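Given next are the chains, with one letter for each unit.
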Amino acid sequence: MKIVILMLTLAATANAAETAGYGVSVLTADMLRPEYHARGTTYVEAIRGEEYSLRLTNPSPYRVGVALSVDGLNTIDGKHSDAAHAAKWVLQPYESTVISGWQVNESTARRFFFTGERNSYGAALGQSDNLGVIEAVFYREKHREISVYAPRKDAAAAPKAQSGAEPSDDYAATGMGQQADNDVRLVDIDLESRPVASVRIRYEFRPELMRLGVLTADPLQRRERATGFCPEPISLRRQ
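The paragraphs below set out a description of the structure included in this document. Keep in mind the model is a prediction, meaning the values are calculated, not measured.

**Let's talk about the layout of surface pockets**
Of the voids in this model, the largest pocket is the one considered here, and its volume is about 240 Å³. When contributions to the lining of the largest pocket are tallied by element, the ones reaching two or more residues are strand E8 (64-70), strand E9 (73-74) and strand E14 (133-140). When its residues are assigned to classes, the lining of the largest pocket shows seven nonpolar, six polar and four charged.

Dropping the structure here:
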């Protein structure tokens, strides 16, 4: 399987929701967001209005192509496609890479940020069926030869499609934020036809995570706020 792929070369350390070491994790302010595991799903709490980035990790001695989608849309070209035919990020052996936003051309990205469904990039494209999901699918390289091509022009946007549910700002989604410099180059790489790993993260605002039972009220927080003496009544303070 030969696919044209965008390649990013940003080094970072690894720590992620992972399968056999292949991983994707969510960062805000360069810090890992805590992950919660329930019913076989990995959840992350979204903070409304906060920018975030995604760290991809390749633990293998092979180059890999990673189909990375946010809200069901490819982070390279904004298309809603299957992972096998999607444009992919390329990671070198044992490399981790940070993706900070939607790639819009060969030198610019628009930052990810948590928002409600109505203000999301997916809703703007009419693609609101897969909001709240981050997924990375990893494919291993067959051969090491690499040919470099000229950078492509602006990435194409996905065509608008009708969604069955009306977007709600009670639920988390991802918007297109400020522009950021992010140079990429186009390469050609021969990948295996079957993925070696697929990692999926669900993200939601705290009230929805509590409704799902992923987060619960912590009695230790109440105990940490406790005091030894009751506050003095106002009537006694005046005497």
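**Some words on the pattern of salt bridges**
Scanning all chains against the criterion turns up six salt bridges. For Arg140, the salt bridge identified is with Glu192, shortest N-O distance 3.2 Å. Remark: Glu192 occurs in the loop between strand E17 (185-190) and strand E18 (197-204) and Arg140 occurs in strand E14; sequence separation between them is 52 residues. In this structure Arg140 comes out as partly exposed when scored by relative accessible area, which is 25%. A salt bridge links Arg202 to Glu204; the shortest N-O distance between them is 3.3 Å.

**Regarding the nonpolar core**
With 35 residues, the main nonpolar core has Val24, Leu54, Leu56, Leu68, Ile134 and Tyr203 as its most contacted residues. Secondary-structure elements contributing two or more residues to this core are strand E3 (22-28), strand E7 (51-57), E8, strand E10 (89-91), strand E13 (108-116), E14, strand E16 (172-181) and E18. Setting aside residues no more than four positions away along its own chain, Tyr203 makes contact with Val44, Ala46, Val70, Asp71, Phe114, Gly132, Val133, Ile134, Ala172, Ala173 and Thr174. Residues Ala84, Ala86, Val137 and Leu191 belong to the second largest nonpolar core, which totals nine residues.

**Description of the packing of aromatic side chains**
On inspection of all chains with the given rule, the structure shows seven aromatic pairs. Summarising the aromatic geometry, the rings of Tyr22 and Phe138 are spaced 5.2 Å apart at their centres and angled 50° between planes, so their arrangement reads as tilted. Pair noted here: Tyr22 is in strand E3 and Phe138 is in strand E14, with a separation of 116 residues, a long-range link. Overall, the relative accessible area of 0% leaves Phe138 in the buried class.

**Describing the side chain of Asn58**
Checked against the element boundaries, Asn58 lands in the loop between E7 and E8. Given the relative accessible area of 1%, Asn58 is considered buried. A distance of 2.8 Å separates a polar atom in the side chain of Asn58 from a polar atom in the side chain of Ser60. Aside from chain neighbours lying at most four places away, what touches Asn58 is Tyr22, Arg63, Val64, Leu91, Gln92, Pro93, Tyr94 and Glu95.

**Side note on the pairing of E7**
A large share of E7 lies buried, amounting to six of its seven residues. Where E3 and E7 come together, five bridges link them in antiparallel fashion. Across the sheet, the residue bridging to Ser25 is Arg55, located in E7. Sheet topology places E7 next to E13; two bridges connect them, and they run antiparallel. The partner of Tyr52 across the bridge, within E13, is Phe112. As defined by bridge partners, E7 adjoins strand E11 (residues 96-99) across four bridges and the pair is classed as antiparallel. Within the sheet, the bridge partner assigned to Arg55 lies in E11 and is Val98.

What counts and what doesn't
Residues numbered from 1 in each chain as written. Predicted model: local features only at pLDDT ≥ 70, side-chain atom pairs only at ≥ 80, totals over all residues. Heavy atoms only, no water. 1 Å grid on protein atoms, 1.4 Å probe; cavity = no way out; pocket = protein on both sides within 12 Å on 5 of 7 lines; lining within 4 Å. Points joined across faces, edges and corners; volume = space filled by probe spheres on them. Helix = DSSP H or I, 4+ residues; strand = E, 2+ residues; numbered from the N terminus. Nonpolar A, V, L, I, M, F, W, Y, C, P; charged D, E, K, R; others polar. Salt bridge = Lys/Arg side-chain N within 4 Å of Asp/Glu carboxyl O. Buried < 20%, exposed > 50% of the residue type's maximum accessible area, 1.4 Å probe, protein only. Core = buried A, V, L, I, M, F, W, Y, C linked by side-chain atoms within 4.5 Å. Contact = heavy atoms within 4.5 Å. Phe/Tyr/Trp six-rings, centres within 6.5 Å; stacked < 30°, edge-to-face > 60°. Polar contact = N/O pair within 3.5 Å; in protein donor to acceptor, adjacent residues only side chain to side chain. Pairing = 2+ DSSP bridges.

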